[in-house]
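Structure assessment
As a plain string of letters, each chain reads:
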Amino acid sequence: MSKHNPVQAPTIQVDQLRNQANADLKTRRDAERAKRVKLLAQIATERKSYVIAYVTCGRENLGTVVGADVIRIFREILGNAGKISKLDLFLITRGGHALTPLRLMSLLREFSKEVNVLIPYMAHSAGTLISVGADSIVMGAMGELGPVDPSVANQFNPPIQVEDVQGGKLPSPRPRIPISVEDVTSYLSLAQDRAKLDAAGMAAAFSALTDVVSPLALGNIQRHHTLIRQLVRRLLMMHMDKEKDAAAVDSLVETLTEKLYAHDYLITRDEAANLGLKVSRPDDAVEIAMWDLFKTYESYLSLSSDISFPALLGSEQQKYICLDAGVVEDLSSSHAFCFKGLAERKGADQFGFNAEFSRWETV
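Residues numbered from 1 in each chain as written. Predicted model: local features only at pLDDT ≥ 70, side-chain atom pairs only at ≥ 80, totals over all residues. Heavy atoms only, no water.

**Some points on the pairing of strand β4 (residues 136-139)**
Rules: Note on classification: 1.4 Å probe, protein chains only; a residue is buried when its accessible area is under 20% of the maximum for its type, exposed when over 50%, partly exposed between these limits. Counting from the N terminus, the helices are the DSSP runs of H or I reaching at least four residues and the strands are the DSSP runs of E reaching at least two. In short, DSSP must find at least two bridges between two strands for them to pair. With its strands directed away from the observer, a crossover is right-handed exactly when the path from the first strand over the helix to the second travels clockwise.
Where burial is concerned, the two faces of β4 agree: the one with Ser 136 and Val 138 and the one with Ile 137 and Met 139 are both buried. Pairing geometry for strand β3 (residues 112-119) and β4, over four bridges, is parallel. Each bridged residue has a counterpart across the sheet, and for Ile 119 the counterpart in β4 is Met 139. For the handedness criterion, the β-α-β arrangement of β3, helix α4 (residues 126-131) and β4 is classed as right-handed. Bridge analysis of β4 against strand β7 (residues 279-280) gives two bridges, and the strand direction is parallel. Among the inter-strand pairings, Val 138 is bridged to a residue of β7, identified as Ser 280.

**With respect to helix α6 (residues 199-212)**
The condition that has to hold: To estimate how far a helix should reach, multiply one less than its number of residues by 1.5 Å. Arc definition: it is the arc formed by the directions from the helix axis to the C-beta atoms. Throughout, a residue-residue contact means that at least one pair of heavy atoms, one from each residue, lies within 4.5 Å. Under the rule applied, a polar contact is a pair of N or O atoms within 3.5 Å (in protein, one hydrogen donor and one hydrogen acceptor; residues adjacent in sequence only if both atoms are side-chain atoms).
With 14 residues, α6 should reach 20 Å at 1.5 Å per residue; the first-to-last C-alpha distance of 20 Å fits that figure. Here α6 has its buried residues at Gly 201, Met 202, Ala 205 and Leu 209. Taken end-on, α6 shows its buried residues confined to a sector of 100 degrees, consistent with a single buried face. Among the exposed residues of α6, those pointing more than 90 degrees away from its buried face are Ala 199, Ala 200 and Asp 211. Buried-residue contacts for α6 involve α5 (181-194) and α7 (215-239). One side-chain oxygen of the residue at the start of α6 lies 3.2 Å from the amide nitrogen of Ala 200, identifying that residue as Asp 198.

**Observations regarding the packing of aromatic side chains**
Any two aromatic rings considered together are summarised by their centre-to-centre distance and by the angle between their planes. How we decide: In summary, the pairing rule links any two rings of Phe, Tyr or Trp, Trp by its six-membered ring, whose centres are within 6.5 Å, and it sorts them by plane angle into stacked for under 30 degrees, edge-to-face for over 60 and tilted for everything else. Here, a charge over a ring means that NZ of Lys or CZ of Arg falls within 6 Å of the ring centre while also lying within 35 degrees of the ring normal.
If you walk through the whole model with that rule in mind, you get eight aromatic pairs. The interplanar angle of 80 degrees and the centroid separation of 5.5 Å between the aromatic rings of Tyr 54 and Phe 74 together place this pair among those described as edge-to-face. Linking Tyr 54 in strand β1 (residues 50-56) with Phe 74 in helix α2 (residues 71-81), this pair joins segments that are 20 residues apart in sequence. Across this residue pair, the class does not change: Tyr 54 and Phe 74 are buried. A ring pair is formed by Tyr 121 and Phe 294, whose centres lie 5.2 Å apart and whose planes are at 80 degrees; its orientation type is edge-to-face. Here Tyr 121, found in the loop between β3 and α4, pairs with Phe 294, found in helix α10 (residues 284-301); they are 173 residues apart in sequence, far enough to count as distant. On the basis of relative accessible area, Phe 294 is assigned to the buried category, the value being 1%. An aromatic cluster of at least three residues, connected via ring pairs, comprises Tyr 121, Trp 291 and Phe 294. Over the face of the ring belonging to Phe 357 we find Lys 340, whose NZ or CZ atom lies 4.8 Å from the ring centre.

**Here's the deal with the side chain of Thr 255**
By the element assignment, Thr 255 lies in helix α8 (residues 246-257). Take Thr 255: its relative accessible area is 12%, and that puts it in the buried class. If we skip the residues at most four places from it in the chain, Thr 255 touches Leu 260 and Leu 275.

**Re the packing of α5 against α7**
Quick reminder of the rule: Note on definitions: angles span 0 to 180 degrees between N-to-C directions of axes, and those axes are lines fitted to C-alpha atoms, for helices only across the stretch in contact. Each angle gets one of four labels, with under 35 degrees taken as roughly parallel, over 145 as roughly antiparallel, 65 to 115 as roughly perpendicular, and the rest as oblique. Each residue gets one of three labels, nonpolar for Ala, Val, Leu, Ile, Met, Phe, Trp, Tyr, Cys and Pro, charged for Asp, Glu, Lys and Arg, and polar for the others, Gly among them.
Contact geometry of α5 with α7 gives a least axis separation of 9 Å together with a crossing angle of 105 degrees. Between α5 and α7, the interaxial angle falls into the category roughly perpendicular. Together, Val 181, Glu 182, Val 184 and Thr 185 of α5 and Leu 218, Ile 221, His 224, His 225 and Arg 229 of α7 make up the contact between the two elements. Among the residues forming the contact of α5 with α7, the class breakdown is four nonpolar, three polar and two charged.

**Concerning the side chain of Thr 128**
Mapped onto the secondary structure, Thr 128 falls in helix α4. At a separation of 2.7 Å, a polar atom in the side chain of Thr 128 contacts the main-chain carbonyl oxygen of Ala 123. At 2.9 Å, the side chain of Thr 128 forms a polar contact with the backbone nitrogen of Gly 146. Discounting chain neighbours no more than four positions away, the residues touching Thr 128 are Ala 123, Leu 145, Gly 146 and Val 148.

Here is the structure:
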């Protein structure tokens, strides 16, 4: 997709397109919500719990991630829920901001003594952080956790070079290369533990690193190295017995942040249990309902495929588009993160999209 270039069109025509697109969105939302409510109610009945679903869409174009913008939404939902004895968070996400899980789990525990996470499929990265802060992690047959080794990108990171980009085009200002925290520590471990460098050799290795990466960027990486371990430990202390499981917590911190060696490593429910996490399997009825509910979100939010503007436009030159890319909901209310804007065909394989709206709204 090309850059989000402003699209010029007559105001009256755009208003007509906008009104029709919003009407179509409401119809689609109402129909899909009706399907999900039945499944949410079934899970709540089977587990004798209060259920909230939190789903983010990790597609490349017009997607969402776990972020602090949902905290206020959860507060409003929980405030209207009344007394909660057992809360189940139905979670689907590929990740997001590392600081959000601790704030979210702390909030959920303000309203319910028992908090569980239901994972029908993917709860990666920040989703794993949320999960390890629960009393139990209920994983379906396809349930997946993952490592929590963050990558950082700030103004001190090296910029992406033009020659590294297909077509030689870059936005201005140039984006920065994300650096994995564990890649830096692994480089230093390689120099010390495998290459067996002496003090002079380690100094030379570190000098070579600072020739490529700013010392300030490396300082930021060290801060995140410490931060992610503190976050995992604090969340695990909600999940485990603080005294009895102290050794297990230490082991899990190292495993989840460092010892899985690939950010896209997938932890199945059997492996999660073997690692020492409090994992349970849903009974057959809940397993089926969890998977069916996942499939409704997958279809509605296009979880498994990126947005195709040629497919959305079809034979039309321009079209007002409304796309939901995230959902937070219980049986009483629903909130969606929506992108709204005018898409236009700019050439044979170029498209413009003027996103005039991209935020959470009450459905």
